[in-house]
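Examination of the molecular architecture
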Amino acid sequence: TAFLHGELEEDILMSQPEGFAIQGKEDQACRLKKSLYGLKGSPRQWYKRFDTFVVEHGYCRSPYDCCVYHNKLKDGSYIYLLLYVDDML
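Residues numbered from 1 in each chain as written. Predicted model: local features only at pLDDT ≥ 70, side-chain atom pairs only at ≥ 80, totals over all residues. Heavy atoms only, no water.

Where an unreviewed UniProt entry is consulted, the chain appears under the name Reverse transcriptase, with the organism given as Alstroemeria aurea.

See the structure below:
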């Protein structure tokens, strides 16, 4: 479900889902506003949204691994976020 929250930057069209086609407009397509599971660009769009969120909240991305974020607290300790997404159900 994480992929459903990615914002699309380009226009992506899909045919109307079977059973939901509007009569008389079956040849028209639907324009997607959000990414869907199965789109090739969905993982990238979701990662970009996650990255923007954590960076805005004070975390720094590791220069060695783009899925590791860290934040130094006032007491000198660190918080590490390790991102791992497995699309297996």
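So that's the structure; there's more coming.
In this section: the side chain of D51. Inspection of the secondary structure puts D51 in helix α1 (residues 42-56). On the basis of relative accessibility, which here comes to 14%, the residue D51 falls in the buried class. Ignoring anything within four residues of it in the chain, the contact list for D51 reads R61 and Y69. (Helix = DSSP H or I, 4+ residues; strand = E, 2+ residues; numbered from the N terminus. Buried < 20%, exposed > 50% of the residue type's maximum accessible area, 1.4 Å probe, protein only. Contact = heavy atoms within 4.5 Å.)

By size, the foremost hydrophobic cluster in this structure holds six residues: W46, Y47, V54, Y59, Y69 and L83. Top element by residues in this core is α1. It accounts for three residues. (Core = buried A, V, L, I, M, F, W, Y, C linked by side-chain atoms within 4.5 Å.)

This part takes up the packing of aromatic side chains. Here the structure, examined in full by the defined rule, presents two aromatic pairs. Ring geometry for F50 and Y69: centres 5.7 Å apart, planes at 75°, overall edge-to-face. Separated by 19 residues along the polypeptide, F50 in helix α1 and Y69 in strand β4 (residues 68-72) bring together distant segments of the chain. Y69 sits in the buried class, given a relative accessible area of 0%. (Phe/Tyr/Trp six-rings, centres within 6.5 Å; stacked < 30°, edge-to-face > 60°.)

Per the stated rule, a full pass over the model turns up one salt bridge. Here R61 and D51 are joined by a salt bridge, their closest N and O atoms 2.4 Å apart. You can see R61 sitting in strand β3 (residues 60-61) and its partner D51 sitting in helix α1, a full ten residues away along the chain. The class of R61 is partly exposed, set by a relative accessible area of 40%. (Salt bridge = Lys/Arg side-chain N within 4 Å of Asp/Glu carboxyl O.)

Here the focus is the pairing of β4. Both faces of the sheet carry side chains from a regular strand, because those side chains alternate between them. One ladder, built from two bridges, connects β3 with β4; its direction is antiparallel. If you follow R61 over to β4, its bridge partner there is Y69. Where β4 folds back onto strand β5 (residues 78-82) in an antiparallel hairpin, the turn is made up of five residues, including G76, whose phi is positive at roughly 90°. (Pairing = 2+ DSSP bridges.)

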